[in-house]
Amino acid sequence: MNCLYELITILGPTASGKTAFAAALADRWGTEVISADSRQVYRGMDIGTGKDLKDYRVDDRQVPYHLIDICSPGDKYSVFAFQHDFHVIFNRLREKGKTPVLCGGTGLYIESVLKGYKLLDVPENGELRERLKDKSLDELGKILQSYKKLHNKTETDSVQRAIRAIEIEEYYLMQEPEKRDYEPIHSLIVGIAIDRELRRARISQRLKSRLEEGMVEEVQALLDAGVSPDDLLYYGLEYKYLTLYLMGQITRSEMFERLEIAIRQFAKRQMTWFRGMERKGFKIHWLDAQMPLEEKINFVETIRVC
C-alpha cells in the first residue's frame, strides 16, 4: 500500500463523536491517537474537558493515546508547547512505520502542526499583568483591537486570556523572539459535520450528564487542592461557570443556562475556524456525524493511506 499521507487528522466541533471515530480508525490500522485539545492536557480536569477515555477502548483493546493528562491544573499550556510535544510523538510513531491519527477540536493546535507555523514561547510579564489586572474584558478587547495584527488567535473569552493575548502582542513589539521551525505535514483531513439542532441537543444532554457525573464536585476538588479561582476562570467554559457558581457569584440555574449557551457558541466558533482552514487551502473531507462508524472507516480506507 502506498503512503500518500504522513498523518490522518480527525476534526470537528464538540459533541460530534470525533474521538470514538479516531480511536476506531487507529485500532483498525494498529496506530495511535494524538489529542489536539487545549484543555485535556490537564490532570484532574476530566469531566469538564470531556476526556471520555472510554472512547479509546475498542472491544477489549486499549487504543494508545497521547497529550492527555500531561500537565498539572493551574499550568498554562500553549500552542508553542503543543507543537513541540506533538512532533516528539509524531516522529517517534513515524519511525515505527505508523501513520498517527491526530484528533481534536482546537483548530489553532491542528493548524499549527499541519501548516508548520513558526511560533514563539512568550514569557509572562508581571509588570504588564499588574497594570491590566483591574480592567474589564471590554476594556482589554479595545486594547487588543489597537494592534495592527494579532499574533495570538486563541479564545479571549475571559480576562485572563485577553491579558495573555496582550502580553503576546507586547512581546512581539519589543523584540524579535526566537522562533521554532517545523515543516508542514501532509495529512488527510476528515471533518465530522453535525446538524446544528442535533449538536445543540447533544450539548444539552451531555451537560446534564456531566453534572450528574460529578462535574461540580470535580471543580470543587480542584479548588480544595489549591488551584486558584483565577486559574480555573482562565480555562473558560465549564471551569469558568462552575467556579463562578461555587464562589457564589451566580446561581446553579444561571450557571447551567450561561454555560449551555457558551458551549453552543464555542462549537459555532470551532466550525468557523475549520471553514477558515478551508479558505486557506486545507482540503477537509466532511462526513455526517450520524453516518455509521464502519462507513466512516470505509470512506477513509478508500483513500490509499498506510
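To be clear, the structure that these remarks concern was listed above.
None of these values were measured; they are calculated from a predicted model.

Parameters at a glance
- The written sequence of each chain sets the order in which its residues are numbered from 1.
- In view of the model being predicted, local features appear only for residues whose pLDDT reaches at least 70, and side-chain atom pairs are presented and counted only at 80 or more, with totals across whole chains, interfaces and linings using the full set of residues.
- Side-chain descriptors were evaluated using all non-hydrogen atoms of the structure, hydrogens and water having been removed beforehand.
- Helix numbers and strand numbers start at the N terminus; a helix is a DSSP run of H or I with at least 4 residues, a strand a run of E with at least 2.
- Values of the radius of gyration come from C-alpha atoms, whereas the globule rule sets the reference at 2.2 Å times the count of residues to the power 0.38.
- Only protein chains enter the accessibility calculation, which uses a 1.4 Å probe. A residue is then buried if its area is under 20% of the maximum for its type, exposed if over 50%, and partly exposed in between.
- Whether two residues are in contact is decided by their heavy atoms, any of which lying within 4.5 Å being enough.
- Residue-level accessible areas treat just the shown protein chains as cover; the underlying method is Shrake-Rupley with a 1.4 Å probe.
- With axes taken as lines fitted to C-alpha atoms, and helix axes fitted only over the stretch in contact, angles between N-to-C directions fall between 0 and 180 degrees.
- Angle categories: roughly parallel below 35 degrees, roughly antiparallel above 145, roughly perpendicular from 65 to 115, and oblique for all the rest.
- Crossings are assigned a handedness: left-handed for a near helix turned anticlockwise from the far helix by less than a right angle, right-handed for a clockwise turn.
- Each residue gets one of three labels, nonpolar for Ala, Val, Leu, Ile, Met, Phe, Trp, Tyr, Cys and Pro, charged for Asp, Glu, Lys and Arg, and polar for the others, Gly among them.
- Each salt bridge in this description consists of a side-chain nitrogen of Lys or Arg and a carboxyl oxygen of Asp or Glu lying within 4 Å of one another.

A separate point is the overall build of the protein. For the protein, the helix and strand inventory stands at 12 helices and 8 strands. In terms of C-alpha radius of gyration, the protein reaches 20 Å, essentially the compact-globule figure of 19 Å for 306 residues. Dimensions along the principal axes, computed over C-alpha positions, put the protein at roughly 60 × 50 × 35 Å. A buried classification covers 49% of the 306 residues belonging to the protein. Long-range contacts, defined here as pairs at least 24 residues apart, represent 76% of the contacts in the protein between residues at least 6 apart. Of the roughly 15,100 Å² of accessible surface on the protein, a fraction of 48% belongs to carbon and sulfur atoms.

To continue, consider the side chain of Gln-270. Considering the arrangement of structural elements, one finds Gln-270 in helix α11 (residues 252-279). When its relative accessible area of 7% is taken as the criterion, Gln-270 is described as buried. With residues up to four places along the chain from it excluded, the contact list for Gln-270 reads Gly-12, Pro-13, Thr-14 and Gly-105.

Two elements in contact, helix α2 (residues 79-95) and helix α3 (residues 107-115), have axes separated by 10 Å at closest approach and are oriented at 55 degrees. Viewed along their axes, α2 and α3 adopt a mutual orientation that is oblique. The hand of the α2/α3 crossing is right-handed. When α2 is examined against α3, the residues Val-79, Phe-82, Gln-83, Phe-86 and His-87 are found in contact with a partner set consisting of Leu-108, Tyr-109, Ser-112 and Val-113. Grouping the amino acids of the contact of α2 with α3 by side-chain chemistry returns 6 nonpolar, 3 polar and no charged.

Another point: the pattern of salt bridges. For the structure on display, the rule yields 21 salt bridges. Across the pair Asp-59 and Arg-61 runs a salt bridge whose closest N-O atoms are separated by 3.4 Å. Under the relative-accessibility criterion, Asp-59 is labelled exposed at 65%. Where Glu-278 meets Arg-275, a salt bridge forms, and the shortest distance between an N and an O atom there is 3.1 Å. Note that Glu-278 and Arg-275 are positioned in helix α11 at a spacing of 3 residues, about one turn of the helix. Residue class for Glu-278 comes out partly exposed when judged on its relative accessible area of 27%. Several salt bridges converge on common partners, so that one network encompasses Asp-27, Asp-59, Asp-60 and Arg-61.

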